[in-house]
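So you can see what is in the structure, the chains are spelled out below.
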Amino acid sequence: MSEDAGATTPPEGRRATAPRGGLEAPGAASGARRARAGERRQRVLILGSGWAGLQALRKCAGPNKDIVVVSPRPHFLYTPLLAGSSVGTVALKSACEPLRDLVDRAAAVAASATFLRAEVRDVDVDGRTVLAKTDDAAVDVSYDKLVIAVGAAPATFGIQGVKEHALFMKES
């Protein structure tokens, strides 16, 4: 399981539960951003790390908010630069930014901000939890507000064999 999850490894066949308070980025323990005694911190769960997910991260970060970003990819991909990076006119590092930097910036404004590298398998709207699968375990992540910004799948235009044999630029 990813260290970012903050959950313990469960016994075989059981699910882990992510901690309610979330993990804080280094240096995010400022008293000005801390919830006052008696004030409840609101947990905002953002699924996806693309354009919409990062815009939600920027807009939702604020005092008394615990932000959790769940995505299978630990980076943001600036898609307009992908074509240039494939032919060498743009360095790939210019088209890709690690999520940890973006989450750390949000943690400077929010009570806490956490990244969980996992794939979402189920959303329980009534129970306000999301089942996320990491490399090691399944994790239940609770939320007060949920932002679903998972993007879209690459188009194959109905051509047989493309999905099995092609390398899609955003997935490679």
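Above this text you will find the structure in question.
Caption draft 1: Expanded view of the packing of aromatic side chains. Taken as a whole and assessed by the stated rule, the structure comprises two aromatic pairs. For the pair Trp 51 and Phe 76, a centre-to-centre distance of 5.1 Å together with 85° between the ring planes defines the contact as edge-to-face. With a gap of 25 residues between them, Trp 51 in helix H1 (residues 51-60) and Phe 76 in strand E4 (residues 75-77) connect regions that are remote in the sequence. With a relative accessible area of 47%, Trp 51 lands in the partly exposed category. With 5.3 Å between their ring centres and 55° between their planes, Trp 51 and Tyr 78 make a pair best called tilted.

Caption draft 2: Main features of the packing of H1 against helix H4 (residues 99-107). Direction vectors running N to C along H1 and H4 enclose 20°, while the axes themselves pass 9 Å from each other. With respect to H4, the axis of H1 lies roughly parallel. Between H1 and H4 lies a crossing whose hand is left-handed. The segment H1 lies against H4, with Leu 54, Leu 57 and Arg 58 engaging Leu 99, Leu 102, Val 103 and Ala 106. In terms of residue class, the contact of H1 with H4 is made up of six nonpolar, no polar and one charged.

Caption draft 3: Structural detail: the environment of Val 147. Inspection of the secondary structure assignment puts Val 147 in strand E10 (residues 145-148). Sequence-wise, Val 147 and Ala 52 are 95 residues apart; in three dimensions their C-alpha atoms are separated by 9.2 Å. In this structure, Val 147 is in contact with Val 44, Leu 45, Ile 46, Leu 47 and Ala 56, ignoring residues within four places of it in sequence.

About the cut-offs
- Along every chain, residues carry numbers that run from 1 in the direction the sequence is written.
- Side-chain atom pairs in this predicted model are given and counted only at pLDDT of 80 or more, local residue features only at pLDDT of at least 70, and totals for whole chains, interfaces and linings cover all residues.
- Only hydrogens and water are set aside when side-chain values are computed; all heavy atoms of the structure are taken into account.
- Each Phe, Tyr or Trp ring (for Trp, its six-membered ring) is paired with any other whose centre lies within 6.5 Å, and the angle between the two planes then decides the class: stacked below 30 degrees, edge-to-face above 60, tilted in between.
- Numbered from the N terminus, helices here are DSSP runs of H or I no shorter than four residues, and strands are runs of E no shorter than two.
- Partly exposed residues are those whose accessible area sits between 20% and 50% of the maximum for their type, while under 20% is buried and over 50% is exposed, using a 1.4 Å probe and protein chains only.
- Angles run from 0 to 180 degrees between N-to-C directions of axes, and those axes are lines fitted to C-alpha atoms, restricted for helices to the stretch in contact.
- Angles are sorted into four bins: roughly parallel if under 35 degrees, roughly antiparallel if over 145, roughly perpendicular if 65 to 115, and oblique for all others.
- By the definition used in this description, the sense in which the near helix is turned from the far one sets the handedness, with an anticlockwise turn below a right angle giving left-handed and a clockwise turn giving right-handed.
- Here, two residues are considered to be in contact whenever any of their heavy atoms come within 4.5 Å of each other.
- As a working rule, the residues Ala, Val, Leu, Ile, Met, Phe, Trp, Tyr, Cys and Pro are called nonpolar, Asp, Glu, Lys and Arg charged, and the rest polar, with Gly in that last group.

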